[in-house]
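Below are the chains, spelled out letter by letter.
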Amino acid sequence: MKVAVGTKNPAKVHAVKDTLIRETIYITSVDVPSNVAGQPFSDEETMTGALNRARAAVEQTGAVLGFGLEGGVVRTVAGLMLCNWGALYHEDGRHWIAGGARLPLPDEVAKRLEQGEELGVIMSSITGYEDVRKKEWAIGIYTSGLVSRKEMFSQIVKLLYGQYLASTTQLKH
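A short tour of the structure in this document, coming up. Please read all numbers here as calculations on a predicted model, not as lab measurements. (Residues numbered from 1 in each chain as written. Predicted model: local features only at pLDDT ≥ 70, side-chain atom pairs only at ≥ 80, totals over all residues. Heavy atoms only, no water.)

## Here we look at the overall build of the chain
Right, on to step 1. The secondary structure content of the chain amounts to six helices and six strands.
Right, on to step 2. Along the chain, helices (α) and strands (β) appear in the sequence β-α-β-α-β-β-β-β-α-α-α-α when read from the amino end.
Right, on to step 3. At 16 Å, the chain has a C-alpha radius of gyration in line with the 16 Å of a compact globule built from 173 residues.
Right, on to step 4. For the chain, the spread of C-alpha atoms along the principal axes amounts to about 50 × 35 × 30 Å. (Helix = DSSP H or I, 4+ residues; strand = E, 2+ residues; numbered from the N terminus. Rg over C-alpha atoms; globule rule 2.2 N^0.38 Å.)

## Quick look at the packing of aromatic side chains
Right, on to step 1. Per the stated rule, a full pass over the model turns up two aromatic pairs.
Right, on to step 2. Both rings, one in Trp96 and one in Tyr164, keep their centres 5.6 Å apart while their planes meet at 80°; by these two values the pair is edge-to-face. Here the residue Trp96 occupies a position in strand E5 (residues 95-99), and Tyr164 occupies one in helix H6 (residues 149-168), the gap between them amounting to 68 residues.
Right, on to step 3. With relative accessibility at 11%, the residue Tyr164 sits in the buried group.
Right, on to step 4. Judged by centre distance (5.7 Å) and plane angle (35°), the rings of Tyr161 and Tyr164 are tilted. Note that Tyr161 and Tyr164 are positioned in helix H6 at a spacing of three residues, about one turn of the helix. Neither residue differs from the other here; Tyr161 and Tyr164 are each classed as buried. (Phe/Tyr/Trp six-rings, centres within 6.5 Å; stacked < 30°, edge-to-face > 60°. Buried < 20%, exposed > 50% of the residue type's maximum accessible area, 1.4 Å probe, protein only.)

## Things to note about the pairing of E5
Right, on to step 1. A one-sided burial pattern is seen for E5, the buried positions being Trp96 and Ala98 and the unburied ones His95, Ile97 and Gly99.
Right, on to step 2. Where strand E4 (residues 79-90) meets E5, five bridges bridge the pair, whose relative direction is antiparallel. Within the sheet, the bridge partner assigned to Tyr89 lies in E5 and is His95.
Right, on to step 3. Taking the residues that link successive antiparallel strands as the turn, the E4-E5 hairpin has four residues, and the phi of Gly93 there is positive, at about 100°. (Pairing = 2+ DSSP bridges.)

## Let's talk about helix H1 (residues 10-19)
Right, on to step 1. Every buried residue belonging to H1 is among Ala11, Lys12, Val13, Ala15 and Val16, and all of these are buried.
Right, on to step 2. At its buried positions, H1 is contacted by strand E1 (2-5), strand E2 (26-29), strand E3 (65-76) and H6.
Right, on to step 3. For H1, the capping residue at the N-terminal end is Asn9, with a side-chain oxygen 3.0 Å from the backbone nitrogen of Ala11. (Contact = heavy atoms within 4.5 Å. Polar contact = N/O pair within 3.5 Å; in protein donor to acceptor, adjacent residues only side chain to side chain.)

## Side note on unusual backbone geometry
Right, on to step 1. Located in the positive-phi region is Asn35, a residue other than glycine, with phi close to 60°.
Right, on to step 2. Among the structural elements, Asn35 can be located in the loop between E2 and helix H2 (43-61).
Right, on to step 3. Judged by its relative accessible area of 62%, Asn35 falls in the exposed class.
Right, on to step 4. Positive phi values are uncommon outside glycine, yet Ser144 reaches one of about 55°.
Right, on to step 5. Secondary-structure assignment places Ser144 in the loop between helix H5 (137-141) and H6.
Right, on to step 6. On the basis of relative accessible area, Ser144 is assigned to the exposed category, the value being 68%.

Structural data, given as structure tokens:
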């Protein structure tokens, strides 16, 4: 089976490849737009970006399944938090959605985000690391490396692929 990942971001692509390594599938990655803001600012916008990427990955590659993984931020009563969503899109139009971890961002980061900066740019300026979004990202930095971006998205890939597998079998209740 051919599976596409709607990004070239190494952390996201490796999350899919490493999670599904035991499956007999061919995985390809393709750069597709999320059609949402460069910095999604809600669960809904982040979820929509993930679904747009998943659908576009299938359409562009002819794959049976397409994964879309998107990171964003969401306002909560506890402050601005990281959020991440994923979507799995089937060539027949069915799709599945899953979300992951939440982590509060420091006030100075939240202020910069609310002024229009993207989180990847902010994190690069704070850490001095280039392409932080392709490596540890904010989740790795604010968990002292205990949770990586790949690990965070791997959980979502498992949730998505598990839903897909459950939908292909007859579950008896």
